[in-house]
Amino acid sequence: MLITNYTENEIEAGCDEAGRGCLAGPVFAASVILPKNFNHNLLNDSKKVTKKNRIILREIIEKEAISFAVCKTDCKIIDEINILNASILTMHKAIEKLNIIPTLLLIDGNRFKPFKNINHICIIKGDEKYTSIAAASILAKTYRDDYMRLIHSDFPKYNWLKNKGYGTFEHQKAILENGKTEHHRKTFNFKLQQTSIGF
């Protein structure tokens, strides 16, 4: 069971990203403010939720959230400032778009840069522990998947419909055979291995 609140007296916004480890596509981030004590039996880290249930949860989160926002940063910026900084930048952009100002940010992971004067707490595997971070992970993941499906039609050889830009063997082989596209991260290198995994 996820923890619904870090504290009782703060307006908490959970933040998470999707696509950090990909070879192609933007990094997406979401920020979500949920009602106090909100929970749902399907809610969890997006990587532990089926595609069908992620879609169900996205609709519930968007309906029930007090405020939410999803943003992206493209591969050109990722190559310029590196993926860690791009992930943090994208979370900042999502927080900025919230129509309610949070008083506490719950960040998935162990790295973040202060956003304005709002206190933040980094939580390793926070998307497995807190509802607002799990909700942010669901939104970031589903919005990014939608985007990768959209650009797949222009570059079908890379099968982003299935691998979503992650470094699967099939995707890496397609890069070696066809080169990188405008959507590939030029600074991301790889060594082709049959055991390459994706998501």
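Going by the structure above, here's the rest.
Residues numbered from 1 in each chain as written. Predicted model: local features only at pLDDT ≥ 70, side-chain atom pairs only at ≥ 80, totals over all residues. Heavy atoms only, no water.

Student: How would you summarise the packing of aromatic side chains if you had to cite specific residues and measurements?
Tutor: This model, assessed by the stated rule, comprises 4 aromatic pairs. On the numbers, 5.6 Å between centres and 50 degrees between planes, the contact of Phe-155 with Trp-160 is tilted. For Trp-160, a relative accessible area of 0% puts it in the buried group. An aromatic cluster is built from Phe-155, Tyr-158 and Trp-160, whose rings are joined through pairwise contacts. In this arrangement the basic side chain of Arg-58 is found over the ring face of Tyr-143, its NZ or CZ atom lying 3.9 Å from the centre. (Phe/Tyr/Trp six-rings, centres within 6.5 Å; stacked < 30°, edge-to-face > 60°. Buried < 20%, exposed > 50% of the residue type's maximum accessible area, 1.4 Å probe, protein only. Lys NZ or Arg CZ within 6 Å of the ring centre and 35° of its normal.)

Student: Requested: an account of the pairing of strand S3 (residues 67–73), with residues and values cited.
Tutor: Counted residue by residue, S3 has 5 buried out of 7 residues, so it is predominantly covered. Two strands pair when backbone bridges link them, and strand S2 (residues 27–33) and S3 are joined in this way by 7 bridges, in the antiparallel orientation. Following the sheet pairing, Ala-30 is matched in S3 by Val-70. (Helix = DSSP H or I, 4+ residues; strand = E, 2+ residues; numbered from the N terminus. Pairing = 2+ DSSP bridges.)

Student: Lay out helix H3 (residues 83–97) in plain terms, naming residues and giving numbers.
Tutor: End to end, H3 covers 21 Å across 15 residues, agreeing with the expected 21 Å (1.5 Å per residue, within 8%). Those residues of H3 lying buried are Ile-83, Leu-84, Ala-86, Ser-87, Ile-88, Thr-90, Met-91, His-92, Ala-94 and Ile-95. Tucked inside the fold, the buried residues of H3 contact strand S1 (12–18), S2, S3, helix H2 (75–81) and strand S4 (104–108). N-capping of H3 is provided by Asn-82, with a side-chain oxygen placed 3.1 Å from the backbone N of Leu-84. (Expected span 1.5 Å × (residues − 1). Contact = heavy atoms within 4.5 Å. Polar contact = N/O pair within 3.5 Å; in protein donor to acceptor, adjacent residues only side chain to side chain.)

Student: Break down the environment of Cys-15 for me, citing the residues and quoting the values.
Tutor: Tracing the sequence through the fold places Cys-15 in strand S1. A C-alpha to C-alpha distance of 12 Å links Cys-15 and Lys-141, two positions 126 residues apart in sequence. Not counting the four nearest positions on each side in its chain, Cys-15 is found in contact with Ala-30, Ser-31, Met-91, Ile-95, Leu-106, Ile-107, Asp-108, Ile-133 and Ala-136.

Student: Tell me about the nonpolar core, and name the residues and values.
Tutor: By size, the foremost hydrophobic cluster in this structure holds 19 residues, and its most contacted members are Val-32, Leu-43 and Ile-61. Within the residue set of this core, elements represented by two or more residues are S2, helix H1 (51–64) and helix H4 (131–152). Here this core takes 6 residues from H4, the largest share from any one element. Look past the residues within four positions of Ile-61 in its chain and what remains in contact with it is Val-32, Leu-43, Ala-135, Ile-138 and Leu-139. Ranked by size, the runner-up nonpolar core spans 15 residues in total, among them Cys-15, Ile-95, Leu-98 and Leu-105. (Core = buried A, V, L, I, M, F, W, Y, C linked by side-chain atoms within 4.5 Å.)

No statement about biological role is implied by the geometric values presented.
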